[in-house]
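# Coordinate analysis (summary)
One-letter residues, chain by chain:
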Amino acid sequence: MAIEEVKVPDIGDFDEVEIIEVLVAPGDRIEPEQSLITLESDKASMEVPATLAGVVQEIKVAVGDRVSAGSLILTVESEAGAGGDSSADSGAAVESRSTPAASATAAGSGAGSDTAADAGEAGGGATAVRSAAASGPDDSSSSGAPSGSSGDGAAAAEAGAAASASTTASSTAQGAVAIDRDAHRAAHASPAVRRFARELGVDLGQVSGSGRKGRIRKEDVKAHVKQVLRGEAAAGAVPGAASGAAGSGIPPLPQVDFSQFGETEQVPLTRIQRLSGPHLHRSWLNVPHVTQFDEADATELEAFRHAMKGEAEQRGVKLTPLAFLVKAASAALAEMPRFNASLAADGENLILKKYCHIGVAVDTPGGLVVPVLRDVDRKGVWEIAAELGTLSSKAREGKLAPGDMQGGCFTISSLGGIGGTAFTPIVNAPEVAILGVSRSQTKPVWNGQEFVPRLMLPLSLSYDHRVIDGAMAARFTTYLARLIGDLRRLVL
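Computed from a predicted structure; not experimentally measured. (Residues numbered from 1 in each chain as written. Predicted model: local features only at pLDDT ≥ 70, side-chain atom pairs only at ≥ 80, totals over all residues. Heavy atoms only, no water.)

## Focus: the overall build of the chain
Our working definition: Each helix corresponds to a stretch of at least 4 residues labelled H or I by DSSP, and each strand to a stretch of at least 2 residues labelled E; elements are numbered beginning at the N terminus. Any two residues whose heavy atoms approach within 4.5 Å are treated as being in contact. Only the protein chains shown count as cover for residues, and all accessible areas are computed by the Shrake-Rupley method using a 1.4 Å probe.
On a plain count of helices and strands, the chain comes out with 15 helices and 20 strands. In the chain, of all internal contacts separated by at least 6 residues, the share reaching a separation of at least 24 is 66%. Element-wise, carbon and sulfur atoms account for 52% of the exposed surface of the chain, whose accessible area totals about 23800 Å².

## A closer look at the nonpolar core
Note the threshold: For this analysis, a nonpolar core means a set of buried residues of the types Ala, Val, Leu, Ile, Met, Phe, Trp, Tyr and Cys, connected via side-chain atoms within 4.5 Å. Each residue is assigned to one of three classes by its accessible area relative to the maximum for its type, calculated with a 1.4 Å probe on protein chains only: buried under 20%, partly exposed between the two thresholds, exposed over 50%.
Counting residues in hydrophobic clusters, the biggest one holds 51 residues, and the most contacted among them are Phe410, Ile412, Phe476 and Ile484. Those elements giving two or more residues to this core turn out to be helix 13 (321-335), strand 13 (358-360), helix 14 (381-396), strand 17 (410-414), strand 18 (433-437), strand 20 (451-464) and helix 15 (470-485). Per element, the largest residue contribution to this core is nine residues, and it comes from helix 13. In contact with isoleucine 484, other than residues within four places in its own chain, are Ala296, Asp297, Ala298, Leu301, Leu325, Ala328, Leu457 and Leu459. Core analysis: the next-biggest nonpolar cluster, separate from the first, contains 20 residues, Val6, Leu39, Leu52 and Val56 among them.

## Notes on helix 9 (residues 218-229)
Keep this limit in mind: In a helix, the anticipated span is given by 1.5 Å times the number of residues less one.
A rise of 1.5 Å per residue sets the reference length of helix 9, with its twelve residues, at 16 Å; its end C-alpha atoms lie 17 Å apart and thus fit the reference within 8%. Within the sequence span of helix 9, burial applies to Asp220, Val221, Lys222, Ala223, His224, Val225, Gln227 and Val228.

## Digging into the environment of histidine 224
Assignment of secondary structure puts histidine 224 in helix 9. Residues histidine 224 and serine 208 lie 16 residues apart in sequence; the distance between their C-alpha atoms is 8.3 Å.

## Let's talk about helix 15
Look at helix 15: 22 Å from first C-alpha to last across 16 residues, which is about the 22 Å you get at 1.5 Å a residue. In this structure, the buried side of helix 15 is in contact with strand 10 (289-297), helix 11 (299-307), helix 13, strand 17, strand 18 and strand 20.

## A look at the confidence of the model for the chain
Inclusion rule: As a per-residue measure, pLDDT tells how confident the predictor is, with possible values from 0 to 100.
Confidence in the prediction of the chain, expressed as mean pLDDT, is 78, and 73% of residues score 70 or more. At the level of individual helices and strands, the chain shows its lowest average pLDDT in helix 1 (residues 104-110), which scores 33, and its highest in strand 18, which scores 98. Confidence drops under pLDDT 50 across residues 81-130; counting only partners more than four residues distant or on other chains, this segment forms 139 contacts. Contacts from residues 232-247, a stretch scored under 50 in pLDDT, to residues over four places away or in other chains number 39 contacts.

## Description of the side chain of serine 68
What counts here: Two N or O atoms count as a polar contact when they lie within 3.5 Å, although within protein this holds only if one can serve as hydrogen donor and the other as acceptor, and sequence-adjacent residues are included solely when both atoms are side-chain atoms.
With respect to the element layout, serine 68 can be found in the loop between strand 7 (66-67) and strand 8 (72-78). On the basis of relative accessible area, serine 68 is assigned to the buried category, the value being 12%. Polar contacts involving the side chain of serine 68 include one to the main-chain amide nitrogen of glutamate 16, which spans 3.1 Å.

## Digging into the side chain of threonine 364
With respect to the secondary-structure elements, threonine 364 resides in strand 14 (residues 362-364). Among residues more than four places away in sequence, those in contact with threonine 364 are Ile272, Val369, Ala395 and Arg396.

## Let's talk about the environment of leucine 204
Inspection of the secondary structure assignment puts leucine 204 in the loop between helix 8 (191-200) and helix 9. Under the relative-accessibility criterion, leucine 204 is labelled buried at 1%. With 16 residues separating them in the primary sequence, leucine 204 and histidine 188 have C-alpha atoms 8.5 Å apart. With residues up to four places along the chain from it excluded, the contact list for leucine 204 reads His184, Ala187, Ala189, Arg194, Ala197, Ile216 and Val221.

## Focus on the packing of aromatic side chains
The geometry of an aromatic ring pair comes down to the distance between the two centres and the angle between the two planes. Stated precisely, the cut-off is as follows: Note on aromatic contacts: the rings of Phe and Tyr and the six-membered ring of Trp form a pair at centre separations within 6.5 Å, being stacked when their planes are under 30 degrees apart, edge-to-face when over 60 apart, and tilted otherwise. Criterion for a charge above a ring: Arg CZ or Lys NZ at most 6 Å from the ring centre, at most 35 degrees from the ring normal.
By the definition in use, this model includes four aromatic pairs. Relative to phenylalanine 324, the ring of phenylalanine 304 lies with its centre 6.2 Å away and its plane at 80 degrees, an arrangement referred to as edge-to-face. Of the two residues, phenylalanine 304 sits in helix 11 while phenylalanine 324 sits in helix 13, which places them 20 residues apart along the sequence. For phenylalanine 304, a relative accessible area of 39% corresponds to the partly exposed category. Among the residues examined, phenylalanine 324 registers a relative accessible area of 4% and is labelled buried. Put simply, the rings of Phe339, Phe410 and Phe476 pair up and form one aromatic cluster. The ring centre of phenylalanine 196 lies 5.4 Å from the NZ or CZ of lysine 218, which sits over that ring.

## Some points on the sheet that holds strand 3 (residues 29-30)
Filter applied, for reference: Paired strands, in this sense, are two strands between which DSSP finds at least two bridges.
A sheet is described by the order of its strands in space; here four strands give the open sequence 1-8-6-3, paired in antiparallel fashion. Each end of this open sheet is capped by a strand with a single partner; those strands are strand 1 (2-7) and strand 3. Note: strand 6 (residues 54-59) against strand 8, five bridges, orientation antiparallel. When the sheet's bridge partners are listed, valine 55 is paired in strand 8 with glutamate 77.

## What to know about unusual backbone geometry
With an omega of 10 degrees, the peptide bond between alanine 429 and proline 430 qualifies as cis. If you trace the backbone, proline 430 turns up in the loop between strand 17 and strand 18. At glutamate 33, a position not held by glycine, the phi torsion is positive, near 75 degrees. Residue placement: glutamate 33 occurs in the loop between strand 3 and strand 4 (35-40). Unlike most non-glycine residues, aspartate 375 shows phi in positive territory, near 50 degrees. On the secondary structure map, aspartate 375 appears in the loop between strand 16 (372-373) and helix 14.

Structure follows, in structure tokens:
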């Protein structure tokens, strides 16, 4: 055993790049090619992998630090013979997770190993899964093998054979898997997993990660391949499609020269839109969405909120309807835990969460972001309101840290301050439901004897139909509406 230093390798033309995420902690055991930190420049995001195996002793950097090639990242108690030279000259490849607008220079200099394999991803390697599907059902003897076991070798050998067979067929095969390179590079996976995915011809943009912070593991890639073999995942179902929506087989939209019809101007998407776009696209394509609409009587809630304005000013807190909605949603999630869950990577199990973190969509000048309020089931409305104000301010000032937007169980998107009567929000996968809230309106409501004016709040609950059926969704919105209509239920 020896204490080794791990430094930032050559990252091409980038200098003084900001650290946006530290992926390990002291005491963690790391393996070669495991990602340690995530760097982000104005052009691309890059993950720096480990070059040796061992136990992390001390982290020398923090989120927000700016580093260059040769900067010390951490120290490791290395295992004899397990790693190589950890210095900046070791030639380790830095994994690049380029945004769709990243330049070719950024992708080429930061992720040489991935870029060099682009031809394989778009050509012969892209048909590997399709060829494997044609060969027959998957081998159950290797499907349960843990990472690093002989099962991995068998899977790799099978993938190699499939890729070899597909190389000659790729020139004539129709319906080959079309790899969305931007989504593939943006996927959260280590270089080893990327190499494994290339061998199988898998588009990582279509794979849901079950690892920490949504990281894609080898087991996730295997589970995706099994779904393809069972016909559960789209694998280029549209013959002749040159490209598609993240490898889904959907034919691409034709390119149109709009300038032939009149004057045009091209403006870039914001950074937030470029980063969130692929995630929203994957969620829409992979989650069978259904939306349940309902209304809640918010008359008493609004009357109580206005009555508390004086105390809110004394506390220095802005008491918004959203604070009450967050609290009501946490109670509804406790009553119906199936909504506080995520579908496992195998598609056959449900992961029930014993914690309650709720994301709240915030409109910022750069686009929509979703900071997460943690343990809202243990907090009162005043504390929730204060945290909402803090997170919303950080979001609009562009000061949210990556950890501020991770770990959500359920999301609320409120458009009440803008307008509208209803909408269909996209589920923030791997969550299974999202609540949309529109502007409340005073309406005549029959109380059994007469029509009386009541302030009605529109609710739009989108959900994953694989996990939640229509009856469950209707019960959820009904229960939530009862909580909103009678605040006393929140303290029972």
